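So the chains spell out like this:
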Amino acid sequence: MIGTVTGDIPPEDLGFCQCHEHLWIAGYSGTVNPDLRIDDPEKSRAELDLFRRAGGSALVDAQPLGCGRNASVLKELSEQSAVKIIASTGFHKMIYYPEDHWVRTAGADTLTRLFLEELSEGMYADGDDAFPAVQTRCRAGLIKAALDAGTFSPLYEKCFSAAAEAAKASGVPLMVHIEKDSDPLTLADFLRAQGLAPERLIFCHLDRAVADTAVHRELCRRGIYLEYDTIGRPKYHDDERETAIVTEMLEAGYGKQILMSLDTTRARLSSYGGGPGLDHILVRFIPLLRRRGIPEAQIQAFFRENPARALGRKGN
Ligand SMILES: [Zn+2]
C-alpha cells in the first residue's frame, strides 16, 4: 500500500505521480529563502487544479517534520483538488532549523519514534521550533532526509541513523535530498551498513547535484532509485540537457529506477506568480521526451509504474 494524506491506497490506484514537489512551506524555512515560502492555501489549491487538469493524479510533498510543513493544509488541499498527496516525515538540511531546534538536540531513538508515529498514527501539527506535541490523524507516507555538502557530520549521522531505523521498521521508502558537493556513494554505504535495502532508497536531485553520470549509474547498479527534477529550471540547465541525461540512463538499462518531478518552489509555481508551473512536465516536458524518441511505455514508467513500485510500503 501507499500512504496518502487521506489514507492508504493500492499502488495501482496511484496514477500519474510526480515524486518530489512542494505545496506548503511556512515558518522558519520560509524565511531562510523567500523563494521557498509557499503559504497561501488558495494559490496552492489553484496550482493543484492546474496539475489535475493537465492529467496529474498524485504527488509527493517533500517537506519533512519540524520545518514548515502543515499536515492539515496538505489534507485539505488533497480533498479539495482530488490530487493524492504522499506527505513526508523525516528531517531536512540543518540550515532550515534554528540553532537551538530540537532536531539538533534530540537523540536518535527519539527521532525514530517521532518518524514512526507520523507514519503509523498521524503527523504532528507544525509548531516548527516547539517539540512536536499536537498530533493530527493525517499520516505521512515516506521518510525524507537530506545529505548536506561536505563531510558527513555526527549530527547528520544521528539523523540518518534514525531515518534508516524508521524506514526498516515501517517498510516505507527513504527519500534523500542530495546536495551539490556531497558524497552520495558514502551515504549509500552507510545506509547499507544500517541494514536498509537499496531498493528502499530514492536519491533526489542528482541531475543538478552530481555532474558525473558514472555516479548515477553506480547508485542505480546498487538498486537505488534516482529522482530527477531539474526540469523547467534553466538556471541549472535546459530541458534538452535533462533529456540527454535521461537518455543516457536509459541506454545504461536503468529505466525502471528513474523517477521525475519539478521540486517546485514559490518562484516556480504559476499561482504564486512564478513559472513554469506544476503542469510543466505534462504540458511541455513529456512532449519533448516523445520528440526525442523516448518510447511511450518508458515515459509512462517514469510517472506511473516506477513511482507505484518505489513508494509502496514493503511487507504489507
Ligand atoms: Zn525539495
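As the structure is a prediction and not an experimental result, all values here were calculated from the model.

The rules we used
- Residue positions are given per chain, counting from 1 as you read along its sequence in written order.
- Since the coordinates come from a predicted model, pLDDT governs what is reported: local features require at least 70, and pairs of side-chain atoms require 80 or more to be given and counted, while whole-chain, interface and lining totals use all residues.
- A run of DSSP states H or I qualifies as a helix once it reaches four residues; a run of E qualifies as a strand once it reaches two. Both are numbered from the N-terminal end.
- Radius of gyration: over C-alpha atoms. The globule rule applied is 2.2 Å multiplied by the number of residues raised to the 0.38 power.
- Burial in this document is a count-based property: other C-beta atoms within 10 Å of a residue's C-beta are tallied, and the residue is buried at 20 or more, exposed at 12 or fewer, or partly exposed in between, with C-beta positions derived from the backbone.
- Note on contacts: each residue gets a C-beta atom placed from the backbone, and two residues are in contact if those atoms are within 7 Å.
- Strand pairing follows a simple DSSP-based rule, namely that at least 2 bridges must link the two strands.
- Fitted lines through C-alpha atoms serve as axes, helices being fitted only where they are in contact, and the angles separating the N-to-C directions of these axes extend from 0 to 180 degrees.
- As used here, a nonpolar core is made of buried Ala, Val, Leu, Ile, Met, Phe, Trp, Tyr and Cys residues. They are joined through C-beta atoms within 7 Å.
- Any angle that falls under 35 degrees is termed roughly parallel, while one over 145 is termed roughly antiparallel, one within 65 to 115 roughly perpendicular, and all others oblique.
- Each crossing gets its hand from how the near helix is turned against the far one by less than a right angle, where anticlockwise is left-handed and clockwise is right-handed.
- Residue polarity follows a fixed list, in which Ala, Val, Leu, Ile, Met, Phe, Trp, Tyr, Cys and Pro are nonpolar, Asp, Glu, Lys and Arg are charged, and the others, Gly among them, are polar.
- Here the expected length of a helix is defined as 1.5 Å per residue gap, with one fewer gap than residues.
- Working definition: the arc comes from the directions between the helix axis and the C-beta atoms, pointing outward to the latter.

**Q** For this particular structure, what's the right way to read the overall build of the chain?
**A** Tallying secondary structure elements over the chain gives 12 helices and 11 strands in all. Its C-alpha atoms give the chain a radius of gyration of 18 Å, near enough to 20 Å, the size a compact globule of 316 residues would have. Oriented by its inertia axes, the alpha-carbon framework of the chain measures out at about 50 × 45 × 40 Å. Residues classed as buried in the chain amount to 51% of the 316 residues present. Within the chain, residue pairs in contact and separated by at least 24 positions form 77% of the contacts whose partners lie at least 6 positions apart.

**Q** Just checking my understanding: could you explain the environment of aspartate 100 for this structure?
**A** Note that aspartate 100 resides in the loop between strand 6 (88-90) and helix 4 (102-105). Aspartate 100 gets classed as exposed once you count the C-beta atoms within 10 Å, which come to 8. Sequence separation between aspartate 100 and leucine 187 is 87 residues, and the spatial gap between their C-alpha atoms is 26 Å.

**Q** Got a minute to help me understand the sheet that holds strand 8 (residues 174-178) in this structure?
**A** In sheet architecture, strand pairing relies on hydrogen bonds along the backbone and comes in two forms, parallel and antiparallel. Read from one edge to the other, the open sheet built from six strands follows the order 6-7-8-9-10-11, with strand pairing classed as parallel. Every other strand in the sheet has two partners, leaving strand 6 and strand 11 (258-260) as the edge strands with one partner each. The sheet shows a mean angle of 30 degrees between the axes of neighbouring strands, direction not considered. Two strands pair when backbone bridges link them, and strand 6 and strand 7 (residues 142-147) are joined in this way by three bridges, in the parallel orientation. Each bridged residue has a counterpart across the sheet, and for serine 88 the counterpart in strand 7 is leucine 142. This element, helix 12 (residues 296-311), spans strand 7, strand 9 (201-204), strand 10 (225-228) and strand 11 of the sheet and lies at about 110 degrees to strand 11.

**Q** I keep staring at the pairing of strand 7 and nothing clicks. Help me out?
**A** The side chains of a regular strand alternate, residue by residue, between the two faces of the sheet. Counting buried residues in strand 7 gives six out of six residues, a clear majority hidden from the surface. Taking every second residue as pointing to the same face, both faces of strand 7 are buried, with Leu142, Lys144 and Ala146 on one and Ile143, Ala145 and Leu147 on the other. Where strand 7 and strand 8 come together, five bridges link them in parallel fashion. The residue bridging leucine 147 from the neighbouring strand is isoleucine 178, located in strand 8.

**Q** Honestly, the nonpolar core in this entry has me stumped. Any pointers?
**A** If you look at soluble globular proteins, the nonpolar side chains tend to sit buried side by side. In terms of nonpolar packing, the biggest core is built from 98 residues, with Ile143, Ala163, Leu174, Val176 and Phe203 touching the most fellow members. Broken down by element, this core gets its largest block of residues, eight residues, from helix 6 (residues 154-170). Apart from the residues within four sequence positions on either side, valine 176 is in contact with Ala145, Ala146, Leu147, Leu187, Leu201, Ile202, Phe203 and Cys204.

**Q** Looking at this model, I keep getting lost on the packing of helix 2 (residues 41-54) against helix 3 (residues 71-81). Mind explaining?
**A** When two helices pack together, their arrangement is given by the angle between the helix axes and the distance between those axes. Where helix 2 meets helix 3, the axes come as close as 10 Å, and the angle between the chain directions of the two elements is 45 degrees. When the axis of helix 2 is compared with that of helix 3, the two are oblique. Every pair of crossing elements has a handedness; the one defined by helix 2 and helix 3 is right-handed. Each of Pro41, Ser44, Arg45, Leu48, Asp49 and Arg52 in helix 2 lies in contact with helix 3, whose residues at this interface are Val73, Glu76, Leu77, Gln80 and Ser81. Residues belonging to the contact of helix 2 with helix 3 are distributed by class as follows: four nonpolar, three polar and four charged.

**Q** I'm lost on the sheet that holds strand 5 (residues 84-86) in this one. Help?
**A** The three strands lie next to each other as 3-4-5, forming an open sheet whose pairing is parallel. The open sheet has two free edges, formed respectively by strand 3 (17-21) and strand 5, since each of these has just one partner strand. Across the sheet, the mean angle from the axis of one strand to that of its neighbour is 25 degrees, orientation sign disregarded.

**Q** Could you clarify how one ought to interpret the packing of helix 7 (residues 184-193) against helix 9 (residues 213-221) in this entry?
**A** Across the interface, helix 7 lies against helix 9 with an axial gap of 10 Å and an inter-helix angle of 15 degrees. Taken together, helix 7 and helix 9 sit at an angle that is classed as roughly parallel. Relative to helix 9, the crossing made by helix 7 is left-handed. Contacts between helix 7 and helix 9 involve Pro184, Leu185 and Ala188 from the former and Val215, Glu218 and Leu219 from the latter. For the contact of helix 7 with helix 9, the residue count by class is five nonpolar, no polar and one charged.

**Q** Is there a simple way to explain helix 10 (residues 239-251) in this structure?
**A** If you check helix 10, its first and last C-alpha atoms are 18 Å apart, about what 13 residues at 1.5 Å a residue would give, namely 18 Å. All of the buried residues in helix 10 are Asp239, Glu242, Ile245, Val246 and Met249. For helix 10, the angular spread of buried residues about the axis comes to 115 degrees, placing them on one side. In helix 10, those exposed residues whose orientation departs by more than 90 degrees from the buried face are Glu240 and Glu251. Those residues of helix 10 that are buried are in contact with helix 8 (206-209), helix 9, strand 10, strand 11 and helix 11 (280-291). Glycine 253, located one to two residues past helix 10, shows a positive phi value of around 95 degrees.

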